[in-house]
Structures are given as structure tokens and as C-alpha cells.
Amino acid sequence: MTAAADSRADVIVVGAGSSGCVVAERLSRDPARQVILLEAGGDAPASASLRLDHLPIGAGSDRVVHYPTRQGFDLPRGKGLGGSSAVNGGYFLRWHPNDFEGWSPDVWPMAAIGSAYDHVDGGVGGGGVMNVSEFADDELHPYACAFERHWKDEGFGVASPPWPAVGVVRVRSNRDGWHRHSTAVLLQEALRRPNLRLLSHSQVVGLRHSGGRVSGVVVGEQVLSADEVILCAGTLGTAELLARSGVVEIEDAAVWEHREQLVRFTPAGGLPGHARALLQAVLHTRDGLEIRCYNDDFAEFIDGLPHSSPAFGVALMHPELPGSVSWGPVARLRIDLGEVSGGDSEKIRRCAERVVSMLGGADFEGLVQPGSPWVEPVIRTSQHAWGTMPMGERTDWLGAVDEVRGLRIVDASILPTAGSSGPHATVMMMAWHIANTVA
Ligand SMILES: Cc1cc2nc3c(=O)[nH]c(=O)nc-3n(C[C@H](O)[C@H](O)[C@H](O)COP(=O)(O)OP(=O)(O)OC[C@H]3O[C@@H](n4cnc5c(N)ncnc54)[C@H](O)[C@@H]3O)c2cc1C
């Protein structure tokens, strides 16, 4: 192949994370379509570094990029084949059906959403492109057992997979046993196709564009051209690339997060055994909160964190206010997570009090030191950043960027509404439906 042919494709996909692997795999099924997949980081992680009890996001990890925020927290995002799917918490839940009410029913009818989720998670019995299974009773940590018992006694129903609902939700996880299943597995077979080329260690630093058309990308000194560029660089990676290239106005774009408050406690008489997964059970409340039963101190899962205590989380799944991203004067993305509204703060506060009382009750006797639970005042994040370029507002309902030809976005940036669960399963569902529609 000549150098010129080498630097040209029909489609360039930027980012080989949760969405990029889905898109590149689907589009390269047509042998006549030349696809280049560009990834800033390295190859797929070895299976040992995919352990569910280890999130490789601490300082010094080469599998993440840390984005500072105005609030002083860093937001880590996955880097390398698999992207954030190779470093995340491994919780893989669909959204609730009514979370899609704001989506265009023409492009996103519920039947299509259901079948795209089935493609990804395999539905009730599994067998989708990701190995997804819920934790079995005998795999549950004692905290998760007590947590589920408590909320059932309080009258909450138990959601039946594969759709979560208000009530107790047993976590489904993208996993093989106790190892996280990253989206990199989608490429194992696909990379044998001569029309799909993966270039790792290839950070895209700019988009080539003129006259309202994007015609390629810049990687180091090299320009790669294509009829269409599909950005799958993640909410923050894509915002950075758009801002750096000046293709669209990104000044003060909204960014959404699931803000979370922790209720900490001291375990009674030492920890009840090693936790093999961070999160196995959650409660979805009627007013849009997710109570998360974390199985241990985060420092047990993330290298370099100072030791503290185990915690339960109260996360705001449908926040009233967004944060913002803008392009800083020193060529850096500025991220402001924004304020939590008065109404939302009150909602979290009341729920955190319920968690304190749960931890002081009979279900947690022998697990929690009496009198120890306390609400940490700081409101953190869930690392779920989404929605800077929402479909229906900044792009069409298949991610094509308004008024720019040759440019599509298919990652968490285009989620147009908040979901009652984390975004991972939905990002993959959305990527599949879009790629399958435009292929
Ligand atoms: C620590 C952590 C824990 C999380 N836990 C959960 C969870 O348990 N459950 C859940 O539902 N969600 C979770 N999430 C969120 C979920 O993982 C993400 O929403 C999802 O993976 C986003 O997919 P994406 O395709 O948008 O981006 P990513 O998967 O982040 O992929 C982006 C890819 O693009 C690459 N890239 C970026 N910029 C460039 C560039 N300029 N050139 C080339 N390549 C580039 C990156 O290296 C990366 O590989 C978590 C996220 C993190 C970071």
C-alpha cells in the first residue's frame, strides 16, 4: 500500500473506548469500507489488570488521563484500548425505560433501544457482545446482603433483569468471573479484517476542516483523511478536540455528572472478608437517587488513595443543574462541575440521613460499629461526565454535528438526558444503534 493510501480511509474513528470499539467493529463489517481506529493510549490491558477489585486510576497509572476540575477533584478517564471500560467500576446497568422520554421516538423507538441493549448485554440470559451477568446470592458481600434485606423490609420491590426499576437492583457487571470485561474484546476478531486498522499510541491533536467540512485528523506530524470522522474520544476527550480545533463553539458547554455524597462508617470488629467487587447492589429511589452499597474503603480498590473507611453513596441521578466546560487560555480544558441546586441538596441530605439510620439498624448489627456512621459534607462525583454535545441540540439524532459535514460524535458527549443508572451500558447501546443505522 502506498503512503498516500495508508493515510486515507472512508471512516476514521477517534478513540477505542466503550463507544469507539463498538463503532469500529460494526462499520468494518462491510469489507468495502476502509476504517482507521485511532487510540491515544496503548494496547488492551492484560487480564490481571482487569480485576474487578482493582481500578487502575490512581496517580501514576498509564491507563488514565486526569482532568482537573475547579472543585479540586480530578476526573480520571480511561486511556488505551478499551478506554474507560477497562478501568471503571464494572457496574453495567441499563437505564430505566422512561429515561428515554426526551429522545426522538422516530430514531430511538423503545423497540430499537431494547434490541440494541440486547445486542450489547444479551438480555436476561446474557450472551451479548459483552459478557454481562448479575452477582449471584453466594457472591454477595455481607454489606450487600444486609443492604438488600433492609430495603426489601422497607417495602421496596426487587427489579427483574435486564431492566432496572425503582427498588432494589442487583448490579449486573461486565465481567468474566472476577475480571472486568473491557470493550477491547469486541476487536479481537474484527482486527483480522484487512479493512480495519488500529493505530494505538496515536493521539489526535486536531481536526482538518475548511468550508464547513471536516476532511481528516492530525496525529503528530501526519494528516489522515477520510470522508467521515467519528469522534469517540469520550466526553472530555471529544470536548478537548473540538475546542482545540475550533470546529464548533464549545465555550461554556454544559457537562453533567452524577454528584454523590458518602455516608462513612467504622466496621464492627474488622472488615467482613475481602471484597472482590466494588459495587454489587443499589437502590433506585422514587425521587431519582441511587443509593450505592460500596463493599469497602475506596483505598482497597484504587492505588495511592489514603485509607479512610467504607462508605455508602447517595448519588443524584437526575441533577437539576449542569457544570460547564470551556477552553482555557493555556490550551487546557477547564471543567467546572457547577453547583448542586438547593432542592437537590435537600434531597441528598434527607436520603443520607436514611442511610445513617439504616446502618444503625438491626440489618447491619455486627457489621457496623454503633454510632459510627456520619455524612461526609463534600459532594463528590461518579466519574460519569456526559452531555456536552447532546443529540437533538448540538447534533442530529444520530450524532452528526450540526452545520459541519463529515463529522459525527458517538460517545457519552451526545447523551441528551440523564439516566437512572450509570452510563456505560447506555453508551454502548447508543453506539451500536447509531453504527448499525448508518452502516
Ligand atoms: C473511573 C471510572 C469509573 C466508572 N465506573 C462506571 C461504572 O461502574 N458503571 C458505569 O455505567 N459507568 C462507569 N463509568 C463511566 C463509563 O465508563 C463511561 O461513561 C464510558 O466508558 C464512556 O465511554 P466513551 O466511549 O464515551 O469514552 P471512553 O471509554 O473514555 O473512551 C475514550 C477513548 O478515547 C481515547 N481518546 C481520547 N482523546 C483522544 C485523542 N485525542 N486521540 C485519540 N484517542 C483519544 C481515550 O484514550 C479512550 O480510550 C466510569 C468511568 C470512570 C472513568
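Keep in mind that what you see is a predicted model, and the values were worked out from it rather than measured.

## Overview of the site of the ligand
Step number 1: If you check the shell around the ligand, you find 34 residues, and the closest are Ser18, Ser19, Glu39, Ser84 and Tyr91.
Step number 2: With respect to the ligand, the side chain of glutamate 39 contributes an N or O atom lying 2.7 Å from an oxygen atom.
Step number 3: In the environment of the ligand, an oxygen atom lies 3.4 Å from a nitrogen or oxygen atom belonging to the backbone of glycine 80.
Step number 4: A total of 1,000 Å² of accessible area belongs to the ligand in isolation, and the protein chains cover 95% of it.
Step number 5: For the shell around the ligand, the secondary-structure elements that each account for two or more residues are helix H2 (18-27), strand S4 (74-78) and helix H8 (424-438).

## Focus on the UniProt feature "domain: Glucose-methanol-choline oxidoreductase C-terminal" (unreviewed entry) in the chain
Step number 1: When the UniProt feature table is mapped to this numbering, "domain: Glucose-methanol-choline oxidoreductase C-terminal" (unreviewed entry) covers residues 379-431.
Step number 2: In the segment residues 379-431, helix accounts for 15% and strand for 9%; the C-alpha atoms at its two ends are 31 Å apart.

## What to know about the pattern of salt bridges
Step number 1: Within this structure, the stated rule accounts for 23 salt bridges.
Step number 2: Ionic pairing is found between glutamate 189 and arginine 192, a salt bridge with its closest N-O pair at 2.9 Å. Here glutamate 189 and arginine 192 have matching classes, each one exposed.
Step number 3: With a closest N to O distance of 2.7 Å, glutamate 290 and arginine 292 form a salt bridge. In terms of burial, glutamate 290 and arginine 292 fall into one category: buried.
Step number 4: Linked through salt bridges whose partners overlap, the residues forming this network are Arg94, Asp118, Asp121 and Arg172.

## Some remarks on the pairing of strand S7 (residues 172-176)
Side-chain positions along a regular strand alternate between the two faces of the sheet.
Step number 1: With respect to burial, S7 is a largely interior element, four of its five residues being buried.
Step number 2: Summarising the sheet, strand S5 (residues 132-134) and S7 pair through three bridges and their orientation is antiparallel. Note on S7: the bridge partner recorded for serine 133 is serine 173.
Step number 3: As paired elements, S7 and strand S8 (residues 179-180) share two bridges and run antiparallel to each other. In the strand pairing of S8, arginine 175 is matched with arginine 180.
Step number 4: Here S7 folds back onto S8, and the loop between the two strands holds two residues, one of which, glycine 177, carries a positive phi near 60°.

Conventions adopted
- Residues numbered from 1 in each chain as written.
- Predicted model: local features only at pLDDT ≥ 70, side-chain atom pairs only at ≥ 80, totals over all residues.
- Heavy atoms only, no water.
- Near = heavy atom within 4 Å.
- Polar contact = N/O pair within 3.5 Å; in protein donor to acceptor, adjacent residues only side chain to side chain.
- Areas by Shrake-Rupley, 256 points an atom, 1.4 Å probe, with all protein chains shown as cover.
- Helix = DSSP H or I, 4+ residues; strand = E, 2+ residues; numbered from the N terminus.
- UniProt positions renumbered as here; feature names shortened; annotations may be inferred.
- Salt bridge = Lys/Arg side-chain N within 4 Å of Asp/Glu carboxyl O.
- Buried < 20%, exposed > 50% of the residue type's maximum accessible area, 1.4 Å probe, protein only.
- Pairing = 2+ DSSP bridges.

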